Amino acid sequence: MKKGILLASALIAGMFAGTSAQAAGRDYISIVGSSTVYPFSTVVAEQFGKTTNFKTPKIESTGTGGGFKLFCSGVGVEYPDISNASRAIKQSEYDSCQANGVKDIVEVKIGYDGIVFANSKKSAPLKLTRKDIFLALAKNVPDPKGGDKLVPNPYKTWNEIDPALPKEKIEVLGPPPTSGTRDAFVELTMEAGAKSFPFIHDMEKKEKNMFKATTQTIREDGAYIEAGENDNLIVQKLEANPHAVGIFGFSFLDQNADMIQGSLIDNESPTFENIASGKYPVSRPLFFYVKKAHADVIPGIKEYLGEFTSDKAWGNEGYLADKGMIPMDKTEREHFAEQAKDLKTLTMKQVK
Amino acid sequence: MESLFQTAESGALATAPKEEILSEVTSNTLHKARETVGDPFVENPRMTCREVNVYYGEKKAINNVNIDIARNEVIAMIGPSGCGKSTFLRCLNRMNDTIEGCRVTGDIRLDGMDIHDKNVDVVPLRARVGMVFQKPNPFPKSIFDNVAYGPKIHGLVQNKSELEEIVEASLKKAGLWEEAKDRLNQPGTGLSGGQQQRLCIARAIAVSPEVILMDEPCSALDPIATAKIEELIAELCEHYSIVIVTHSMQQAARVSQRTAYFHLGDLIEVGKTDRIFTNPRHQLTEDYITGRFG
Amino acid sequence: MDQPATNPTIDKMNRGLKRRYRAERRFRICGATAVFTALCFLFLLFFSIVSSGYKAFQKTSIQINVFFDPAEFTNENLATANFPGLIKASMSAMFPEVTSRSDKKDLYYLISPGASFQLINLVKDNPALIGQTQQIWVSANDDVDMLLKGNIDRTRPESERRINDKQLAWLDTLAGERKIKKTFNTTFFTRGDSREPELAGIWGATCGSFYTLLITLTLSFPIGIAAAVYLEEFAPKNRWTDIIEVNINNLAAVPSIVYGLLGLAVFINFFGMPRSTPLVGGLILTLMTLPVIIIASRASLKSVPPSIREAALGIGASKMQMVAHHVLPLALPGMLTGTIIGMARALGESAPLLMVGMVAFIVDIPQGFTDPATVLPVQIYLWSDSPERAFMEKTSAAIMVLLVFLLLMNAVAIFLRKRFEIKW
Ligand SMILES: Nc1ncnc2c1ncn2[C@@H]1O[C@H](COP(=O)(O)OP(=O)(O)OP(=O)(O)O)[C@@H](O)[C@H]1O
Ligand SMILES: [Mg+2]
């Protein structure tokens, strides 16, 4: 009994000794942020860990917003060094960084991620426009009978929107509001689709809130099903339900090409080449942000940046492309590799 | 100090006429208690109880009881079920302390020492006033360990051979040695009910108590086992004072020298056993022993 | 009594008897159906997991002839040599007819990128290899593995496969030369996480779970039992202890994510403990399991019969001795069972660890309490969310490992209960 207590207290003491030793320094890079960038940055991290003498960086999948929150809370070994993001840093996030002493931030764009609309191979492929998607998914849509009036979404089947589309129930499996993919897809398809109506287009300047509500509110009558953050699950559900359409990242289409097919959007199919060339309209840039103050303190940060920005990683033939990331073109790559090398910090003006 | 006090008190008791003490005691209590008839007090007592009241929460279970327990005597407590025999018995080694909401008032002394005194530790008290319960309750350990437990925790032995001696002596005194000597390492719970009760008695006497309290020790036993335990009680009273609660008047008559009759928390009558059974002075006692109620 | 046949009570009883038996039969059927349904679901669960996961215990290897070209090993640090180049060279030597750049890329794709790490270790262990040619089995890429396990359908059109027709032909050639084999997947049991499914292993997460649970156990068991003993045996029964009791019962029902938030605020933000470590995870799981252990321990203390307490007190044991010598040994089996069930719950918990950064990509095997680590359920979650098809079977295999651990822990609970149970 006594022995056990002794042992336990020794153990606890040891643990705390370990803590203070750890607090003194950290010998691995700590990365947080977007779950979309996670599969790419982990590949780089692994490669980096195995081919150099540095430890493999630790990468947490916290989501873009959660990542910035951690990243911007301060400078010091207890705070992450790098934050991955599936969108550019926001003004508010930048401000909070500044307020917490995270003054110098290096922005590195790494490539693009396509967002695809896909259905099971058991059905015919869909040919959609962004307007179709807006009409199919928005909570309120322009009155089909005409006039500049919004009415609750009356469409039940695809062919009610466009007679060329199949006579199938509208059933879309997509990410929940907490997901970065959802933000991107709302902005890139719904907003763009809505703007093809002149009166909504005008709204953007005059009634900003009304515009946001119209374009960003997704219908809640069961046509849009929030399928959770796990994209594999959506793929499986599509396989089980051939009439449904799913929304997810390009890498999942790439890996499951035998079961599902991407829908054409504005006449462009979601292929690697189309997304890379920018023809496919629904794609978003991916970034990571580096805390400059850490670059000289935590071993390996510069080397990690070097690995990430090397052509064998993010180049056209690089291993990130194998994993489904869409590379930037050469000039853009050179620009950002340069920035990463020089640790060029983000200025107030560059932040939107 | 203690001995001085004791002589002073017993002296006072001895000199004062019984009736006077009784009336004094009665007038001191708030609740109207029935007067105890017979002779509750003895010369040179082992234990003295004065104005003992026991409450379970608001409910009064023992009402102003005054009684002495003599040295080397067996005193039987009888009375109808629920009259407070067990409750009173448990006062004597402060087992009532362990019951939530139970409150004991009054003055109880062991060899003149106030057992409720702040300076009195219940641990040695319970070693001096041992208890055997109604239901045999051996520890789920070996027979040996059951008996050895008391001497061990009180530090009565220096080494193993001394311990073995005590265990053997206690088991012999409890009349269990012959049956148990070959199975000392087997669990005590594997014995028969009667054997278990004798094991509990052996366990109680292993720490050489001065008083042994027995709460219906034979209620679960067959006549043969009962006879054995009664024999044992007769032998034990050469060394110890024994307080035994029983529902069997024959048993009380067989083993005890004195008998106390309780009724609804009152101590009704105390006296020599043969006198109580042949010539009860109180109506309630007579009713009870003649089987009119209870 | 005189005529028992017409005893009215018996008649009345007989009339009701049939109904009573019918009710009993109905209840038995309901019970049996319930158990049967539960078993069916359990079987379905096991079946689906095992059937999709058992293949992960095998992995595909390809045999190549590697020439450890001394020209490549000019640098002091052997690890910097161009190992991928060595592998590419040996693949090209096997298929000299492959010349075009894109075909070469397709050819090299068959071998896992992890193969070069394998060669690095070989050379590090035995530098004498330099200058020699060796036949070495290296891991095949995950898509090759999937193909050989039948998870990629070769009858599909080429565009729908991740292995194209040329690669199929090369693989068939290799198979013809007996240079492809499936072996037991030791990698899975000895490595940490990886983004290459064929290199990913469960050992890192297992170690993380081990360190985390070690902290949970060493803290929650003594604290939980001490708290239970104090509350049950020593604390006065009053309003305060009632409030404490209600609170403990409530805590046991609090969603686990709340403990994660608490841990984030207290251990990381206030005490400044390092994120993503078994230390913090273990502390959070301690908080989570404590109420479970306390409740189970109190229940088993309560079930110790009062006669034993009386017996001990009756011969003059102090309260502490009574508890330590008699009550605790009797209550211990129940306490151990409660503890292990609490630990099993902690083993399967991932939500609270999300808040403190244990949902992370960690390749290196944790070596202690302050190394970044992840745990088994988190590893399962991370793999299930990975795009590569081959991670699907890894997910199921990891679930199987987790289930085995849970079964083991429950078996230990049963064993301990049997072992320490004291028969009356
Ligand atoms: N723990 C308790 N809490 C409350 N009341 C109690 C408790 N124990 C006993 N009592 C009450 O005190 C009274 C005396 O009880 P006690 O057990 O002393 O009776 P008894 O004479 O030993 O009866 P029996 O012959 O049936 O054993 C009874 O009315 C009983 O209900
Ligand atoms: Mg009783």
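The structure displayed is predicted, hence computed values, not measured ones. (Residues numbered from 1 in each chain as written. Chains lettered and ligands numbered in written order. Predicted model: local features only at pLDDT ≥ 70, side-chain atom pairs only at ≥ 80, totals over all residues. Heavy atoms only, no water.)

Student: Can you walk me through the interface of chain B and chain C in this structure?
Tutor: The accessible area lost on association of the parts is a frequent measure of interface size. Taken together, the contacts link 24 residues of chain B with 19 residues of chain C. Interface area, chain B with chain C, both sides summed: about 1,700 Å², of which 64% is carbon and sulfur. It is Phe139(B), Pro140(B) and Tyr149(B) that lose the most area in chain B upon contact with chain C, and together they represent 28% of the buried surface on that side. Our enumeration of links across chain B and chain C arrives at 1 salt bridge. The partner of Arg90(B) in a salt bridge is Glu310(C), with the nearest N and O atoms 2.9 Å apart. At the boundary of chain B with chain C, the tally comes to 6 residue pairs in polar contact (both at pLDDT 80 or more). Those elements giving two or more residues to the side of chain B that touches chain C turn out to be helix H4 (122-128), strand E7 (129-132), helix H5 (143-153) and helix H8 (193-205) of chain B. Each residue belonging to the side of chain B that touches chain C can be placed in one class, and the counts come to 12 nonpolar, 7 polar and 5 charged. (Contact = heavy atoms within 4.5 Å. Buried area = accessible area lost by both parts, 1.4 Å probe. Salt bridge = Lys/Arg side-chain N within 4 Å of Asp/Glu carboxyl O. Polar contact = N/O pair within 3.5 Å; in protein donor to acceptor, adjacent residues only side chain to side chain. Helix = DSSP H or I, 4+ residues; strand = E, 2+ residues; numbered from the N terminus. Nonpolar A, V, L, I, M, F, W, Y, C, P; charged D, E, K, R; others polar.)

Student: Hey, could you run me through a nonpolar patch on the surface in this one?
Tutor: Where nonpolar side chains cluster on the molecular surface, the patch consists of Val35(C), Leu39(C), Leu42(C), Leu45(C), Phe46(C), Val50(C) and Tyr54(C) and spans about 610 Å² of accessible area. Note on Val50(C): relative accessible area 37%, which makes it partly exposed. (Patch = residues over 30% accessible without salt bridge, like charges linked within 9 Å, V, L, I, M, F, W, Y side chains within 5 Å. Areas by Shrake-Rupley, 256 points an atom, 1.4 Å probe, with all protein chains shown as cover. Buried < 20%, exposed > 50% of the residue type's maximum accessible area, 1.4 Å probe, protein only.)

Student: Before we go on, may I ask you to explain the site of ligand 1 in this structure?
Tutor: Residue and element names in this part refer to chain B. Taken together, 13 residues form the shell around ligand 1, and within it Ser81, Gly82, Ser86, Thr87 and His247 come nearest. Within the side chain of Lys59, one N or O atom sits 3.1 Å away from an oxygen atom of ligand 1. The contact in question runs from an oxygen atom of ligand 1 to an N or O atom on the side chain of His247, over 2.6 Å. The set of elements that each furnish at least two residues to the shell around ligand 1 consists of strand E3 (59-70) and helix H3 (85-91). Top element by residues in the shell around ligand 1 is H3. It accounts for 3 residues. Grouping the amino acids of the shell around ligand 1 by side-chain chemistry returns 4 nonpolar, 6 polar and 3 charged. (Near = heavy atom within 4 Å.)

Student: Explain the pattern of salt bridges to me, please; I cannot follow it from the model alone.
Tutor: Where charged atoms from two side chains of opposite charge approach closely, those side chains can pair. Using the criterion set out here, one finds 52 salt bridges over all chains in the structure. Linking Asp27(A) and Lys55(A) is a salt bridge whose minimum nitrogen-to-oxygen distance equals 3.4 Å. Taken as a pair, Asp27(A) in the loop between helix H1 (2-24) and strand E1 (30-33) and Lys55(A) in the loop between helix H2 (38-51) and strand E2 (58-60) lie far apart in primary sequence, 28 residues in all. Judged by its relative accessible area of 40%, Asp27(A) falls in the partly exposed class. Glu60(A) is the partner of Arg275(C) in a salt bridge, and the nearest nitrogen-oxygen pair spans 2.5 Å. With Arg275(C) in the loop between helix H10 (256-270) and helix H11 (278-302) and Glu60(A) in strand E2, the pair connects residues from two separate chains. Since its relative accessible area comes to 1%, Glu60(A) is described here as buried. Salt bridges linked by common partners bring Arg46(B), Arg71(B), Asp111(B), Arg128(B) and Glu210(B) together as one network.

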